Amino acid sequence: MPSIESLISAESIQARVAELGRQISADYAGEEITVVPVLKGSFVFAADLVRHIDVPLAIDFLGLRSYEGTESSGVVQITSDLTKSIEGKHIVVVEDIVDTGLTMQYLMQNLSTRKPASVKLCSLLHKPSRTTVEIDIDYLGFTIEDVFVIGYGLDYDQHYRNLPFLGVLTPGVS
Ligand code: 5GP
């Protein structure tokens with residue numbers, strides 16, 4: 001049986017997500033935004049986050065694949081694109097975790113070419129010791145060490161996304 005060590009509790013996550021929602025609401029007061037959750041990992045975070053944002057918003061999902069198991073495949077693939085044009089819109093990308101930063105560097109550049117009014121990045125987690133590229137995270141939940149995390153939407157081979165907290169699988173456990 002896999003052993004999971006808790007890294008960030010459900011209560012801490014909820015408190016931080018509420019703060020992020022308030023910050024986004026304040027920054028976009030008087031504007032309308034389009035929230036773009038990056039699937040699959042950010043679906044739980046995005047669902048909680050939008051309920052703490054009180055400016056008018058639309059949601060359009062974007063599917064990306066950059067990892068197989070715990071290893072980066074090194075290639076970013078759009079598996080499911082936005083359904084609408086983002087031209088002239090204020091975009092808030094919602095991501096689960098910035099690790100090397102390659103995925104978000106690719107996506108932010110890709111979205112910029114579609115002529116949005118602005119694009120900002122909101123990531124639940126960041127592993128700065130692993131990040132190899134310049135990437136601005138406008139709204140960040142937590143900075144973490146170089147560990148492989150699961151739960152709250154994040155998976156290991158598609159499992160554990162339903163955990164309400166963020167945890168770490170103990171070494172050698174599959
Ligand atoms: P990057 O391109 O920044 O190296 O990788 C970003 C993507 O890798 C994330 O969206 C996520 O899917 C995956 N990833 C990176 N670190 C972790 C981790 O610790 N746990 C899980 N479950 N996925 C991770």
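Everything below is about the structure printed above this text.
The rules behind these values
- Residues numbered from 1 in each chain as written.
- Predicted model: local features only at pLDDT ≥ 70, side-chain atom pairs only at ≥ 80, totals over all residues.
- Heavy atoms only, no water.
- Pairing = 2+ DSSP bridges.
- Helix = DSSP H or I, 4+ residues; strand = E, 2+ residues; numbered from the N terminus.
- Salt bridge = Lys/Arg side-chain N within 4 Å of Asp/Glu carboxyl O.
- Buried < 20%, exposed > 50% of the residue type's maximum accessible area, 1.4 Å probe, protein only.
- 1 Å grid on protein atoms, 1.4 Å probe; cavity = no way out; pocket = protein on both sides within 12 Å on 5 of 7 lines; lining within 4 Å.
- Points joined across faces, edges and corners; volume = space filled by probe spheres on them.
- Nonpolar A, V, L, I, M, F, W, Y, C, P; charged D, E, K, R; others polar.
- Near = heavy atom within 4 Å.
- Polar contact = N/O pair within 3.5 Å; in protein donor to acceptor, adjacent residues only side chain to side chain.
- Areas by Shrake-Rupley, 256 points an atom, 1.4 Å probe, with all protein chains shown as cover.
- Phe/Tyr/Trp six-rings, centres within 6.5 Å; stacked < 30°, edge-to-face > 60°.

Asker: Quick one: what's the story with the sheet that holds strand S10 (residues 166-169), residue by residue and with numbers?
Answerer: Here three strands make up an open sheet; going across it, the order is S1-S10-S9 and the pairing antiparallel. Where the open sheet ends on each side, the last strands, each with one partner, are strand S1 (4-8) and strand S9 (149-150).

Asker: Which residues make up the pattern of salt bridges, and what values do they have?
Answerer: In this structure the tally under the stated criterion is six salt bridges. As a salt-bridge pair, arginine 114 and aspartate 81 come within 3.1 Å of each other at their nearest N and O atoms. Here the residue arginine 114 occupies a position in the loop between helix H3 (102-112) and strand S7 (118-126), and aspartate 81 occupies one in the loop between strand S5 (71-80) and strand S6 (90-98), the gap between them amounting to 33 residues. Judged by its relative accessible area of 23%, arginine 114 falls in the partly exposed class. A salt bridge links aspartate 99 to lysine 127, with the shortest nitrogen-to-oxygen separation between them at 3.7 Å. Of this pair, aspartate 99 sits in the loop between S6 and H3 while lysine 127 sits in the loop between S7 and strand S8 (139-143), placing them 28 residues apart in sequence. As far as burial versus exposure is concerned, aspartate 99 and lysine 127 are alike and both buried. Each member of the salt-bridge network shares a partner with another, and the members are Asp99, Lys127 and Arg130.

Asker: Outline the layout of surface pockets, listing residues and values.
Answerer: Empty space within the second largest pocket amounts to approximately 210 Å³. Surrounding the second largest pocket, 13 residues form its lining, Thr34, Ala58, Lys84, Ser85 and Lys89 being those nearest its centre. Of all the secondary structure elements, the ones that give two or more residues to the lining of the second largest pocket are strand S2 (33-39) and strand S3 (57-59). Residues belonging to the lining of the second largest pocket are distributed by class as follows: four nonpolar, five polar and four charged.

Asker: Can you break down the environment of alanine 29 residue by residue, with the values?
Answerer: Structurally, the position occupied by alanine 29 is in the loop between helix H1 (10-27) and S2. Look at alanine 29 and you get exposed, because its relative accessible area is 53%. Spatially, the C-alpha atom of alanine 29 lies 44 Å from that of serine 3, the residues being 26 residues apart in sequence.

Asker: Outline the site of the ligand, listing residues and values.
Answerer: With respect to spatial proximity, 17 residues lie near the ligand, and among them Thr100, Gly101, Thr103, Val149 and Asp155 are the closest. One nitrogen or oxygen atom from the side chain of glutamate 95 is found 2.9 Å from an oxygen atom belonging to the ligand. At a separation of 2.5 Å, an oxygen atom of the ligand approaches a polar side-chain atom of threonine 100. In isolation the ligand has 500 Å² of accessible area, and contact with the protein removes 92% of it. Going through the elements one at a time, strand S4 (62-68), S6 and H3 are the ones with two or more residues in the shell around the ligand. Sort the elements by how many residues they give to the shell around the ligand and S6 lands first, with four residues. Of the residues contributing to the shell around the ligand, the split by class is eight nonpolar, four polar and five charged.

Asker: Account for the packing of aromatic side chains, naming residues and giving values.
Answerer: Per the counting criterion, the structure on display carries one aromatic pair. Ring centres of phenylalanine 148 and tyrosine 156 lie 6.2 Å apart, and the angle between their planes is 85 degrees; this geometry places the pair in the edge-to-face category. Residue classification places phenylalanine 148 among the partly exposed positions, given a relative accessible area of 26%.

Geometric descriptors of this kind do not, in isolation, establish any biological role.
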